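Overview (structure and organization)
Each chain, written out:
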Amino acid sequence: MERIAKVDPWKVISTDVKDKKRVQESLTSLGNGYMGLRGNFEEGFSGDTHIGTYLAGVWYPDKTRVGWWKNGYPDYFGKVINATNFIPVTILVNGHQIDLNTDDVRDYHLELDMKEGLLNRSFIWMKDGLEVKFSFSRFVSVATKELAVVNVAAEVLSGQATIEMTPHLDGDVENEDSNYDEMFWIERNRGLRPYPFLTTKTIENNFGTDRFTVTTMMTSQTDNLEKRSSADSELKVSETFSKDVSAGDKVSLTKLIAVVNSRDIAESDQVEAAQAILDTATETGFTGLKEAHINEWATRWNNADVIIEGDEASQQGVRFNIFHLFATYYGEDPRLNVGPKGFTGEKYGGATYWDTESCILPMYLSITEEDVSKQLLVYRHNQLEQAYTNAQKQGLEGALYPMVTFTGIECHNEWEITFEEIHRNGAIAHAIFNYETYFGDDSYAVEKGLDVLVGISRFWADRVHYSKRNEKYMIHGVTGPNEYENNVNNNWYTNTMAAWTLRYTLETLEKASDEKKQSLAISAEESNKWADIVEHMYYPKDEESGVFVQHDTFLDKDLRPVDSLKPEERPINQNWSWDKILRSPFIKQADVLQGLYFLGHEYSMEEKEKNFDFYEPMTVHESSLSPLVHSILASELGKKDKAFEMYERTARLDLDNYNNDTEDGLHITSMSGGWLSIVHGFAGMRTLTGGLSFAPYCPTQWTGYQFKLKYRGRLIAVHVTADEVEFSLQEGDALTFTLYGKEVKLEDTLTSTLHEKEGVPEATLTNAFDK
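Regarding its fold elements, the protein chain presents 18 helices and 31 strands. Against the globule reference of 28 Å for 771 residues, the protein chain gives a C-alpha radius of gyration of 27 Å, in line with a compact fold. Over its C-alpha atoms, taken along the principal directions, the protein chain stretches across nearly 85 × 60 × 55 Å. Looking at the protein chain residue by residue over its 771 residues, the buried ones come to 63%. Restricting the contact set of the protein chain to residue pairs at least 6 apart, pairs at least 24 apart contribute 68%. Mean positive and mean negative side-chain charge positions of the protein chain (76 and 122 charges, respectively) differ by 1 Å.

With that settled, the discussion passes to the sheet that holds strand 10 (residues 118-127). The 9 strands are arranged 1-9-10-11-12-19-16-15-14 in an open sheet whose pairing can be described as antiparallel. For this open sheet the edge positions go to strand 1 (11-14) and strand 14 (185-191), each flanked by a neighbour on one side alone. The average angle at which neighbouring strand axes cross in this sheet is 15°, direction not considered. In terms of strand pairing, strand 12 (residues 147-158) meets strand 19 (residues 250-261) through 9 bridges, oriented antiparallel. What sits directly across from Val152, in strand 19, is Leu253. Its contacts with the sheet place helix 2 (residues 267-304) against strand 10, strand 11 (130-140), strand 12, strand 14, strand 15 (197-202), strand 16 (213-223) and strand 19, and it is angled at close to 40° to strand 16.

This part is about the sheet that holds strand 29 (residues 735-739). Pairing is mixed across the open sheet formed by 3 strands, whose spatial order is 25-29-30. Single-partner strands in this sheet number two, and they are strand 25 (693-694) and strand 30 (742-746). The pairing of strand 25 with strand 29 spans 2 bridges and is classified as parallel. When the bridges of strand 29 are listed, Phe694 appears paired with Leu739.

Right, let's talk about the packing of aromatic side chains for a bit. Following the criterion strictly, the structure yields 48 aromatic pairs and no others. Aromatic pair Tyr60 and Phe184: ring centres 5.0 Å apart, planes at 40°, arrangement tilted. Within this pair, whereas Tyr60 is found in strand 5 (residues 59-62), its partner Phe184 is found in the loop between strand 13 (160-170) and strand 14, the two being separated by 124 residues in sequence. Assessed through its relative accessible area of 6%, Tyr60 is described here as buried. Taken together, Phe644, Tyr647, Phe682, Tyr697, Trp702, Tyr705 and Phe707 form an aromatic cluster joined through their ring pairs. Note that Lys21 overlies the ring of Phe45, its terminal NZ or CZ placed 4.6 Å from the centroid. The ring of Trp10 carries the charged tip of Arg319 above its face, separated from the ring centre by 3.7 Å.

Once that is clear, we can look at helix 12 (residues 524-536). For helix 12, built from 13 residues, the straight-helix expectation of 18 Å at 1.5 Å per residue is met to within 8% by its first-to-last C-alpha distance of 18 Å. Residues Glu526, Ser527, Trp530 and Ile533 constitute the buried set of helix 12. Down the axis of helix 12, the buried side of the element spans an arc of 115°, and every buried residue falls inside it. For helix 12, exposure combined with an orientation more than 90 degrees from the buried face picks out Ala524, Glu525, Asn528 and Glu535. Taken together, the buried residues of helix 12 touch helix 9 (445-463), strand 22 (472-474) and helix 10 (492-511).

A few words on unusual backbone geometry. Across the junction of Arg193 and Pro194, the peptide omega takes the value 5°, indicating a cis bond. Counting through the fold element by element, Pro194 comes out in the loop between strand 14 and strand 15. Of note, Lys20 is a non-glycine position whose phi angle comes to about 50°, a positive value. We classify Lys20 as partly exposed; its relative accessible area is 37%.

This brings us to the pairing of strand 9 (residues 104-113). Here strand 1 pairs with strand 9 via 4 bridges, running antiparallel. Among the inter-strand pairings, Val12 is bridged to a residue of strand 9, identified as Leu112. In terms of strand pairing, strand 9 meets strand 10 through 8 bridges, oriented antiparallel. Looking across to strand 10, one finds that Val105 is bridged to Trp125. In this structure, the hairpin formed by strand 9 and strand 10 is closed by a connection of 4 residues, where Gly117 is found at a positive phi of approximately 70°.

Another aspect to go through is the confidence of the model for the protein chain. Summary statistics for the protein chain give a mean pLDDT of 94 and a share of 96% for residues scoring 70 or more. Here residues 758-771 scores under 50 on pLDDT; set against residues more than four positions off or in separate chains, the count is 23 contacts.

Our next topic: the packing of helix 8 (residues 424-439) against helix 9. Following both chains from N to C, one finds helix 8 and helix 9 inclined at 155°, their axes separated by 10 Å at the closest point. Taken together, helix 8 and helix 9 sit at an angle that is classed as roughly antiparallel. Relative to helix 9, the crossing made by helix 8 is left-handed. Judged by residue contacts, Asn425, Gly426, Ile428, Ala429, Ile432 and Glu436 of helix 8 engage Ala445, Gly449, Val452, Leu453, Ile456, Phe459 and Trp460 from helix 9. Taken together, the residues that form the contact of helix 8 with helix 9 break down as 9 nonpolar, 3 polar and 1 charged.

Quick look at the state of the cysteines now. As used here, a disulfide is simply a covalent bond connecting the sulfur atoms of two cysteines. Evaluated as defined, the whole model comprises 0 disulfides. The thiol of Cys411 is not disulfide-bonded; the next cysteine sulfur, from Cys359, is found 19 Å away. Under the relative-accessibility criterion, Cys411 is labelled buried at 1%.

Time to look at empty space enclosed by the protein. Counted by the stated rule, this structure contains 6 cavities of 30 Å³ or more. Here the largest cavity is characterised by a volume of approximately 60 Å³. Every residue along the wall of the largest cavity is listed here: Gly72, Pro74, Asn390, Lys393, Gln394, Leu400, Ile409, Glu410, Thr418 and Arg424. Grouping the amino acids of the lining of the largest cavity by side-chain chemistry returns 3 nonpolar, 4 polar and 3 charged.

Reading the values: rules and limits
Residues numbered from 1 in each chain as written. Predicted model: local features only at pLDDT ≥ 70, side-chain atom pairs only at ≥ 80, totals over all residues. Heavy atoms only, no water. Helix = DSSP H or I, 4+ residues; strand = E, 2+ residues; numbered from the N terminus. Rg over C-alpha atoms; globule rule 2.2 N^0.38 Å. Buried < 20%, exposed > 50% of the residue type's maximum accessible area, 1.4 Å probe, protein only. Contact = heavy atoms within 4.5 Å. Lys, Arg positive; Asp, Glu negative; His and termini not counted. Charge placed at Lys NZ, Arg CZ, Asp CG, Glu CD. Pairing = 2+ DSSP bridges. Axes fitted to C-alpha atoms, helices over the stretch in contact; angles between N-to-C directions. Phe/Tyr/Trp six-rings, centres within 6.5 Å; stacked < 30°, edge-to-face > 60°. Lys NZ or Arg CZ within 6 Å of the ring centre and 35° of its normal. Expected span 1.5 Å × (residues − 1). Arc of directions from axis to C-beta. pLDDT = per-residue confidence, 0-100. Parallel < 35°, antiparallel > 145°, perpendicular 65-115°, else oblique. Left-handed = near helix turned anticlockwise from the far one by under 90°. Nonpolar A, V, L, I, M, F, W, Y, C, P; charged D, E, K, R; others polar. Disulfide = S-S within 2.5 Å. 1 Å grid on protein atoms, 1.4 Å probe; cavity = no way out; pocket = protein on both sides within 12 Å on 5 of 7 lines; lining within 4 Å. Points joined across faces, edges and corners; volume = space filled by probe spheres on them.

Laid out in structure tokens, this is it:
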């Protein structure tokens, strides 16, 4: 673990220009749900850097076809592509181009202001007795999604100079992970009027997927600078401003950028649309645009902020997570979802993973409007036809939701993921259950939700097989959530979620209208088959220890704990061969424990304890999704030190570069982990059965914490200290809920002393690694 940024409750701060430059760029990325970019320097940087600008829903089907000889393999790998770089402002002082990789500077300060959604930077540049202070501020507007703003100011501290600034748009961009060093864009149009603009289009592809056209336009407002020229060349347009200045003089330039694309606006209308956005922005000016942007962020923080008392590192971590989640997705566009890297990098393909249902939805249920959560469910319903296509490609009935997708069609290029990690279907179904139980409303489940549930159930019914020898249904040849094992038989989590989905579907069908049932054409034979699978599913279990076995042969491995590894071997995914990893007992992320987290209301505390004590010591947590599940379960089991350890890991995963991969971009879809570890973990909030319940405690590392949540038309504020918990009803009607197992009623304010967790019986499997 390394601390890249200074600890601050609202900011990510760096005072070193070159230290972990790519990590800094990831940490200081900006986004507004529509577009975003890494924390690159406006003036350029000749050293190691990863320039990245990304547009939501804009992608390309890479022609790499690993495994093309396998029937059913995806036709392409869907790739997030780097778009026109719109922030550059080249700066010359007396003809010398500013470059912080080689120039002498002092008082360097970079900060991401998470409260206001601003990236600010300043430094004093020095050369031959001349000193100039440069200040930069930029944001991608959450008030006007197509708008980005860059402000550059210079103040001469000593000497005389000619300062020249050249704002430009650069469409000559590539993806670092491109397999063929190819560009994904061609120029369609460029011009200097009405404002400098560049229109690009994705190159042709052989797969019949949509091509995207993007128009990027800019204009500049200046103070004490004179315009000298405008220029355009292939994939580039620019303007140049300059001024002769001396000590005490100041100059500034505000670059306004509009970005529109063919997902919303036809190519023929894009220049006019971009101009209209810049006309309005020009009238408003930098101060007004900034104010509108900050006000919108204030609204978002009002209901979502978590306040931690007594620990600034923990405070910074959870706010960092919330900020980047909201920068990636806030529910404005029903066609979008939560991408794994958001706008911070391009390492992973696709825009949607099962992470949305397993990690993001449980948080968004509580902090956003109900429509936002429903939209995430409708997103999957809208892609149901494609899910049927995915199953058909495998020669199976029903619907198989993709592991990785932009359109609903599977586009991942690893066979063990595409063919085998079918457990993702269970998360899609569980999300419908989560939504129904949280809002106490089954109207979605019995209509659109049932379409999805039936499709998934038909898939499971075809994917299982009946073992006559064991008189049980089994599922062979899968990869569970632990991706450090492939092609295993009877993964406990997969079998469990398959049977649970069938049971939940049958229960939901009982509540559906006759008309709905008829439209689904489910015969008595089919529903009886589902019920039989539920009753006779095989679940691997070690009867002696009471442990649910991860898969049929897991206990035959050389079982040993993670602390038996040498430090230089960690992380194993960067130091071991894949063959060695697959043969090892080490677990990438919660697998059996994922099932106990999802379906916790169906298992006893003793069962959870035994499995946690068995599996957690073998878990390397090299998936960003792993710590949050372990933190929540540890809190429930009274393992407070482990819960806090896992909270720190999930909340500060990227801030402290735990997995040594933050330079590739942030782990956006696990960034609900800090919030969930606090609210579902430390506060013990549950809504799975019997309405809302809490069992809060305060970590000893803190003096208190506060959060708000939306629940069935109410806004509830919760404040937990070392001694007591206070609930405050800020909006909505009185509410009856469960606190420490007892029913209480909240009408205004309710205060209770904290209860110590009584714990659960000690696990009996004390010699797990000797078996």
